[in-house]
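Summary of structural features
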4 protein chains.
Amino acid sequence: TVEHIFKEIFKTALEQQEEDHRKALLVSRKKKKEDTVIEVNGEKIGKDVPTFIFGPCAVESYEQVSTVAQAIAAKGQKLIRGGAYKPRTSPYDFQGLGLEGLKILSRAAKENGLAVVSEIVTPGHLEEALDYVDVIQIGARNMQNFELLKAAGSVRKPVLLKRGLAATIDEFINAAEYIIAQGNDQIVLCERGIRTYERATRNTLDISAVPILKQETHLPVFVDVTHSTGRRDLLLPTAKAAIAVGADGVMAEVHPDPAVALSDAQQQMNLEQFDEFYTELQKFMKSHAILV
Amino acid sequence: TVEHIFKEIFKTALEQQEEDHRKALLVSRKKKKEDTVIEVNGEKIGKDVPTFIFGPCAVESYEQVSTVAQAIAAKGQKLIRGGAYKPRTSPYDFQGLGLEGLKILSRAAKENGLAVVSEIVTPGHLEEALDYVDVIQIGARNMQNFELLKAAGSVRKPVLLKRGLAATIDEFINAAEYIIAQGNDQIVLCERGIRTYERATRNTLDISAVPILKQETHLPVFVDVTHSTGRRDLLLPTAKAAIAVGADGVMAEVHPDPAVALSDAQQQMNLEQFDEFYTELQKFMKSHAILV
Amino acid sequence: TVEHIFKEIFKTALEQQEEDHRKALLVSRKKKKEDTVIEVNGEKIGKDVPTFIFGPCAVESYEQVSTVAQAIAAKGQKLIRGGAYKPRTSPYDFQGLGLEGLKILSRAAKENGLAVVSEIVTPGHLEEALDYVDVIQIGARNMQNFELLKAAGSVRKPVLLKRGLAATIDEFINAAEYIIAQGNDQIVLCERGIRTYERATRNTLDISAVPILKQETHLPVFVDVTHSTGRRDLLLPTAKAAIAVGADGVMAEVHPDPAVALSDAQQQMNLEQFDEFYTELQKFMKSHAILV
Amino acid sequence: TVEHIFKEIFKTALEQQEEDHRKALLVSRKKKKEDTVIEVNGEKIGKDVPTFIFGPCAVESYEQVSTVAQAIAAKGQKLIRGGAYKPRTSPYDFQGLGLEGLKILSRAAKENGLAVVSEIVTPGHLEEALDYVDVIQIGARNMQNFELLKAAGSVRKPVLLKRGLAATIDEFINAAEYIIAQGNDQIVLCERGIRTYERATRNTLDISAVPILKQETHLPVFVDVTHSTGRRDLLLPTAKAAIAVGADGVMAEVHPDPAVALSDAQQQMNLEQFDEFYTELQKFMKSHAILV
C-alpha cells in the first residue's frame, strides 16, 4: 500500500538522519573505523586480550592498599583502582581520604609497578590529583557533570567514564563526546549496571550495551561487575559474560577484609576469592582466546 | 504462630531503626516539626498559599526575558526562572549564555520587581553567580554532585534542589542533607518526574513523592510540571494535581515564542497559554483555598 | 536549513500516521467525541461528578463484607468491590473464596442496595460469575490476557480494566480495544500505578496517565489509590490529586479490621479511616465542583 | 555498639526466614540439590551441553515452517518453536493461525524429526493443543496468568515458562511454583529481557538472572536472545554471553524471509544468518566446553 511505502521512506530517512548525526560525533565508529587503543603502564586497553582493573572500593590505609597491590602485581596485572574522593548517598557516610588517599594509593601502586585508576568528583580536585592518578575515573553520578567532563577532556590522561545510574546508551555516548570534544580521545567506557525495578541485584547489568557501544564508538568498553551486581557470588559468571559478549576488560573490587570495609562491604572479594576469581577467568579466557 | 510474632518484632525493630536514622537528619520532620518557610522577594514559600516559579527554559536575549518578566509581574508573581548555564545531553547543543545570561536575567528581573531563580552546575560558577541569583537551582543531573551541594550549603541563599533523573526519595532527602549539613536550611525540594519505561510523557511525574517529602522533611516541596511531563497539554491538569496533593508551589516554563526556543521548544507555554494556565489555576486554587 | 525542513516534514507525517492509527481505534476520542457514560445501579460513571468504588481487597466472610457494605451504603455510595478469585504471587497465599465468595459478596451487596465489582481471572470463570457480578474487573496481571479480554468483550456487563504492572499507555488503550472490538463499549479504564525503581510506594502512581487517557479515548478513567501507593497515609492526598487531574472516579480498599486481612493488610483503611477519608474528599470535591 | 549487634541479629533472622521460605518451595535448590534434566526428543535440557530452540516467531504456512524445520534438522538440532496462538498488543495485528497453525507446525516438525515448542495462551486451548505440542510455552504476558499455570501444571508435558515483562526474579520463581505445585516438575525457565527505560534494545537482557535462577532453583534456564534484544545484530554476542554466564540453552527466531514476516520482522534471522550464528556459536562453545 501507499501508506506502507511512505512509512518505509520516513523510516529510512529518519535512520539516515540519525546516522548522519552519529557520524558527526568524534567518538563515533563512523568517524574513525579503527579501535582506539589506550596504553597505560604497558597495558593496551582495547587491543586483543581483555584487561583488568582491580582494587578496593575505597582507600582506607596504606596497609590495606599495599596488600591488594601486591596481590594484583603477583598476577602480572598492571592497574589498581581505589577511591579517595567517595561520592556517598549520605553526608554522614565515610567520604574518602581525599588527596591523602591518593598519595597512599600512588605510593602502594609505585612500589608494585602498578598504574592508578581513581575517581575525581569535581573540577577543583583535578589539578591536585593529576600527580597521583594515571587514569581519571568519572563515576556514574557524575556522567552528566558536564563541567567535570570538560575538565577531564582538557588534560592528557586517559579517562574511564562510567555509565550513569539511569543513563541511556545515547546519553552515555554524548557524555564521552564532551571529553573528546576538548581534545582528549583516551576514553574507556564502562558499563556498570542500570537502575531498574529488579532488586535481586544492586543494579541490572545491561550486557547488550557492550556490543552496542563497540559498534557505535571506537572506544574500549569495560564492565564493572561489582557495581552491576552488588553480589560477590555473581562476579565470576558476569565477568565471563562480559568477556564473551566482547568487552575489552573487567573491573572488580578486592579488599583484604571486606567485612570491615568502610564502604560496599557486601560486594568486594577478599584475597582468596580474588585468586579463585582470577584463576577461573583465566581458564575461561584461554579457551576463549583460541578461537576469537 | 511464634514465627509470626518474631516477624512482627523484627519489623517493628527495623522500622524503629529506620525512624531513628531519619530522626538524625537535619532536614527531617522528626528533627524539626514546623514547616520551614523560605522568604524570597516577599513570597513565603512553604506557607499557606502555593507559590509559583515561571520563566523560560534558557535565557536567550534581553528582549525574550524581559517580555516574560513583564507577563509574570503583571500577574503579581514575584519570581522568575531562566537557565544561563545549561546542562545539555550533547556538547553541540546550545550551552547557555553563562554569566552574561545571568546578568541579562537579573536586569530584566529587577526592572519588573522579580527575584531570580537560576541553575548553577559547578562549584566554580557559584561565586560569580551570587550577585545575580536570588535562589540557586541545582538541577536533576547534579542532585548527587556532592561538591556542588556542599558549595550551595555554604552560601546564604535559598537553594531549589531538583530530584535526580532516577533518584529514590531517600537519596533525594540525603542530597538535601548535604546542603543543610553545611549550615544552609533554606532548601526547596522539587519533584520533576522520574525516568521510567513509559514514553507518553518525557518523565513520569511521581505525584506521591510530594506528600512523602512533606511528611519526612520540614522543607517546602515544589512540582516542576514542565519537565515532569514534557507536554504543554498536561501542564494545567498536573499543576492542579500538584496543588491538590499538597505541593507548596509549581514551576513551569514560559517563552515568548516556544517554536524558536533554543531548548525544550515542545514543552514551554507561550504568553497566551501562560495567561490561560494561570487563570485556570487561580480559579482552581480559590475554590480549593476555601476549605484547605 | 534543508535538513530542518525535512525533519519537520517527517515529524508531521509520522504524527499524522499515528493519529490515523488512533482514529481507527473504536475506543479513540477521534472515533467518538462524546464521553462514554456507564450507568451502574444509578451511578453514572464518567458523567459530571466523580464516583467511587470501595470495598475489601478480598472477600473473607459474610460478616466482613456485610460490615463494609453497610458503611458504603451509609455514605450514599452505590458500588462495592471485593476479590473472590485472587491472583497471588505465591500459590501458597490465600487464593480467594472463588464462586462462594462471589455469592457472599452479592448477598451483602443486595441487602445494602449496592452493585458488585469483582475480578475475573480466566475465561472459564466468567459464565458462573455473571449472576453475581455487575462490573467485571480485569486486573493488572491480566491486562494482556487477550482471551479474557475477548471473553469480557462478548458479555453485556461493564468492564473495569486495570493498567498492567508495566504497561505503556498505548498498550493499555489497545487492551481496551480488544474488549470493544467484541461489541462491549462499557469499559472503565483504571490507572493503578506502574512498576518503577522507586520503593517508597508499592507502585508509582502515573497521574499524568489520567488526562492522556481522557484525551485519547472516550472512556471513563478511574484511579486505584490503594494499589498505586500501597500506603494508607497516601490514600487521601492521591485521591485529591486524582480528582484534580480529571479522573472520573477513585477506587480504594476498606476492611473492617485490616490487621487480620488475608491479603494487603498494610494498605486497607478501617471503617474509621474510611469515614475520615470520605469526609475529607467530599469537602475537597465540593469546593472543586463549584468551578469545574 | 549494641545497635550494631541488634542490627546483625535482625539481619540474620530475616535472612534465615527468607531462606526457610525458599526452602519450602518445590522448585527450590534447597528442596532438591540435583539439576532437573528434561528430556525432549532425545535432547537433555539442563544437562552438560547447552541446547537450542530455533524457529519462526509465528507459524505462517507449511512452506515457511518446513523450510526452517529442514535448516534446524540439518544442524542436528531437535526442537522447533513457532507461535500459533499469538498474543499481540493490538487486536488488529495478526493473531496467529491457532489450531491450524499447530497442525502445520507439528507436521513439518515430524517430517524432520523435531519436537514442537509452542505457546498456549489460555487454559481452554490446552487440551486441543496437546496432540501437537511437545513443550508448552507460557509467554511473558501470561507469566502471572495463574489459571494457565495451574492447567499447565496438571498435564504431563514439559513447560517453558518465560519471565514476565517486568517480573521480579522472585515472582518468576513463584510462577514456576504454581506449575510444580500441580505435580509437573518438567519446567524450563526462560529469561527474555525486562522492561526498562533503555530503548536501544527492545527489552533489557537481565543476564544476571541466569546464575541467580540456577542458584535458587534446580530448573534449567534458557535465554531468549531474540526478545531480549529485538536486534538481529545482537543475537550472537548475547547468545555467547548467555552460555558463558551458565545458561542451559538459547532460544532464537529464524524465518525464511524476515522482511515479509507477519510479526517481529526486524529481529528474526534469515537462513543464511542462522547458519553463521550457529557456526560461530558452535566454535565458541567448543572452546568453552573444553574447560567448563
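The model shown is predicted, which means the values in this text are computed figures rather than measured ones. (Residues numbered from 1 in each chain as written. Chains lettered and ligands numbered in written order. Predicted model: local features only at pLDDT ≥ 70, side-chain atom pairs only at ≥ 80, totals over all residues. Heavy atoms only, no water.)

It is worth spelling out the nonpolar core at this point. In globular proteins that are soluble, nonpolar side chains generally tend to be buried together. Of all hydrophobic cores here, the largest spans 153 residues; its most connected members are Ile80 and Leu161 of chain B together with Leu161 of chain C. The contacts of Ile80 of chain B, once residues within four sequence positions are left out, are Phe54, Gly55, Val65, Val68, Ala69, Ile72, Leu105, Ala109, Leu114, Ala115, Val116 and Val117 of chain B. If you look at the next biggest cluster of nonpolar residues, it comprises 152 residues, including Leu213, Val225 and Ala247 of chain A together with Ala242 of chain D. (Core = buried A, V, L, I, M, F, W, Y, C linked by side-chain atoms within 4.5 Å. Buried < 20%, exposed > 50% of the residue type's maximum accessible area, 1.4 Å probe, protein only. Contact = heavy atoms within 4.5 Å.)

Turning our attention to the relation of the copies chain C and chain B. Placing chain C over chain B gives an RMSD of 0.0 Å and needs a rotation angle of 180°, together with 0.0 Å of translation along the axis. Put plainly, the chains are arranged around a two-fold axis. It is Ala241 of chain C whose C-alpha, among those of chain C, lies nearest the rotation axis, at 2.1 Å. Most of the interface of chain C is mirrored in chain B, where 100% of its interface residues are also at the interface. (Least-squares fit on C-alpha atoms with pLDDT ≥ 70 in both.)

With that settled, consider the pairing of strand β9 (residues 221-224) of chain A. Residue and element names in this part refer to chain A. By the alternation rule, side chains of β9 split into Val221 and Val223 and Phe222 and Asp224, which are all buried. With 3 bridges connecting them, strand β8 (residues 187-191) and β9 associate as parallel partners. The residue bridging Cys190 from the neighbouring strand is Phe222, located in β9. Taken together, β8, helix α7 (residues 209-216) and β9 constitute a β-α-β crossover, and its handedness is right-handed. Bridge count for β9 against strand β10 (residues 249-253) is 3 bridges, and the pairing is parallel. Residue pairing across strands places Asp224 opposite Met251, the latter belonging to β10. (Helix = DSSP H or I, 4+ residues; strand = E, 2+ residues; numbered from the N terminus. Pairing = 2+ DSSP bridges. Right-handed = clockwise from strand over helix to strand, strands pointing away.)

The accessible area lost on association of the parts is a frequent measure of interface size. Residues and elements named next belong to chain A. Taken domain by domain, chain A consists of domain 1 (1-33) and domain 2 (34-291). Taking the mean C-alpha position of each, domain 1 and domain 2 sit 33 Å from one another. Both sides together, the interface formed by domain 1 and domain 2 hides about 1,200 Å², and carbon and sulfur atoms give 46% of it. In this structure, the salt-bridge partner of Arg29 is Asp35, at a minimum N-O distance of 2.7 Å. (Domains from an automatic or database assignment. Buried area = accessible area lost by both parts, 1.4 Å probe. Salt bridge = Lys/Arg side-chain N within 4 Å of Asp/Glu carboxyl O.)

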